[in-house]
Amino acid sequence: MPSVLAPLEASWRDRLAAAVGRAAGTRGAILCFHGFDVDGAPSHSSMHVPLGLLEAVVTMIQRLGAIVPLGDLVTRHLAGRSTAGLVALTSDDAYASLLGAERFLKRSGVPLTVFAVSGTLATGQAFWWDRIDESAPRTHPDRWRRFEDECGLPESYRRGQPAAEGPARPLRQWVLAEHAGRWPRALEEALGRLEAELGPPTPQRSMTEPELAGFVTRTGAQVGVHTVSHAALPFLGDHELVAEIRQCHEALRARFRDALPYLAIPFGLFDARTLRLAAEAGMTVSLTLAGSPLDRPFAAELGMPRLCVVREHAPGILALKASGVAALLGLVRGRTATPYPVLPSPTT
């Protein structure tokens, strides 16, 4: 796979976006990465990006302002102090593919906060969404339909999801809405059988606890809370929601003494109740995937927004988003922002 840097540098659209972003200046932003391509092979999911994109994004940020530890940015934002020109980097799920970025992170001295799912650190298991994202495009439609039948996917999810979103979308929304984002154990046999037919499964997986500990020691990265099971929090009852957050923090703090009391909300799905209960669970702040810079005073009922980095994001586009210009253009085009994301259902 060719380096992502060459086409990005050759793109006049990206250079124009970067120039506009530099002119507007960043208002302060938190970027969210997930995994990185393994052995140069691109994932079927766009949330796993080439390492070259991380390097290009870091270069762009350093032209706009400064990369600072997440804790510094959170402290300033909570106190109502300016975050102009400051950007923090985060990575959700503690993917093992993050180890491939270790050399760059050490060489560049870039601070990073990794949000770990405590329940996966014992085995370093693959996440269910990566497994179906990797399987769906490689499966004949008839076989995928049989797999959905084996899982018991309701017809309402098949009819209600746009085909353009891909074959995995109905199943994903169903697991989120009906199973609170947790893959049912009863479906493991069906998924394992499908993966065996297709060949090598997804290479993306969580780090183990020793892997994460070594990564933290070598890079100076910090660790934050991403719940015990990566559950879709709005679909949990109050007690279970608090336990998901509090028990994750306790488990991480037992292994990483300086584990941050910051919650990265799984799947970016939340509502006002989620944020209120996260605070009750001991979280200083909850980080969302609202896709905007830190351009408003902190509001506990809205959380702190992050910009999710995906494969399609050129650095110049991120510069526009971090500067707030992209949001302004959205308003000009008639797009309106909502305070909370629309929750999964058969038709969303």
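See the structure printed just above.
Residues numbered from 1 in each chain as written. Predicted model: local features only at pLDDT ≥ 70, side-chain atom pairs only at ≥ 80, totals over all residues. Heavy atoms only, no water.

Caption draft 1: Expanded view of the pairing of strand β3 (residues 86-92). Burial of β3 is extensive: seven of the seven residues sit out of reach of the surface. Residues L86, A88, T90 and D92 of β3 are buried on one face, and the alternating residues V87, L89 and S91, pointing to the opposite face, are buried as well. In this structure, strand β1 (residues 29-33) lies alongside β3, joined through five bridges in parallel fashion. Looking across to β3, one finds that F33 is bridged to S91. (Buried < 20%, exposed > 50% of the residue type's maximum accessible area, 1.4 Å probe, protein only. Helix = DSSP H or I, 4+ residues; strand = E, 2+ residues; numbered from the N terminus. Pairing = 2+ DSSP bridges.)

Caption draft 2: Quick peek at the packing of helix α6 (residues 128-135) against helix α9 (residues 169-179). Where α6 contacts α9, the two axes come as close as 10 Å, and the packing angle between them is 165 degrees. In terms of orientation, α6 lies roughly antiparallel with respect to α9. Like other packed secondary-structure pairs, α6 and α9 cross with a definite hand, here right-handed. Across from W128, W129, I132 and D133 in α6, the residues of α9 making contact are L171, R172, V175 and L176. (Axes fitted to C-alpha atoms, helices over the stretch in contact; angles between N-to-C directions. Parallel < 35°, antiparallel > 145°, perpendicular 65-115°, else oblique. Left-handed = near helix turned anticlockwise from the far one by under 90°. Contact = heavy atoms within 4.5 Å.)

Caption draft 3: Fine view of the pattern of salt bridges. Across all of its chains, the model carries 20 salt bridges by this definition. Between E150 and R193 there is a salt bridge; the shortest N-O distance is 3.3 Å. Residue E150 is found in helix α7 (residues 141-151), and its partner R193 is found in helix α10 (residues 188-198); the two are separated by 43 residues along the sequence. By relative accessible area, E150 is classed as partly exposed at 38%. Here E209 and R255 are joined by a salt bridge, their closest N and O atoms 3.1 Å apart. Linking E209 in helix α11 (residues 209-219) with R255 in helix α12 (residues 238-255), this pair joins segments that are 46 residues apart in sequence. For E209, a relative accessible area of 32% puts it in the partly exposed group. (Salt bridge = Lys/Arg side-chain N within 4 Å of Asp/Glu carboxyl O.)

Caption draft 4: Broad picture of the nonpolar core. If you look at the biggest cluster of nonpolar residues, it comprises 54 residues, and the most contacted ones within it are L31, F33, L89, L212, I245 and L252. Discounting residues that sit within four places of it in the chain, I245 has contacts with V225, T227, L233, L263, A278, A281 and M283. With 26 residues, the next largest nonpolar core counts V175, L176, L187 and L269 among its residues. (Core = buried A, V, L, I, M, F, W, Y, C linked by side-chain atoms within 4.5 Å.)

Caption draft 5: Structural context of the environment of A180. Locating A180 in the fold gives a position in the loop between α9 and α10. With a relative accessible area of 8%, A180 lands in the buried category. For the pair A180 and P344, spaced 164 residues apart in the sequence, the C-alpha separation amounts to 9.9 Å. Those residues within four positions of A180 in sequence are excluded, and the remaining contacts are V175, A231, A232, F235 and L236.

Keep in mind that these numbers describe shape and distance, not what the molecule does.
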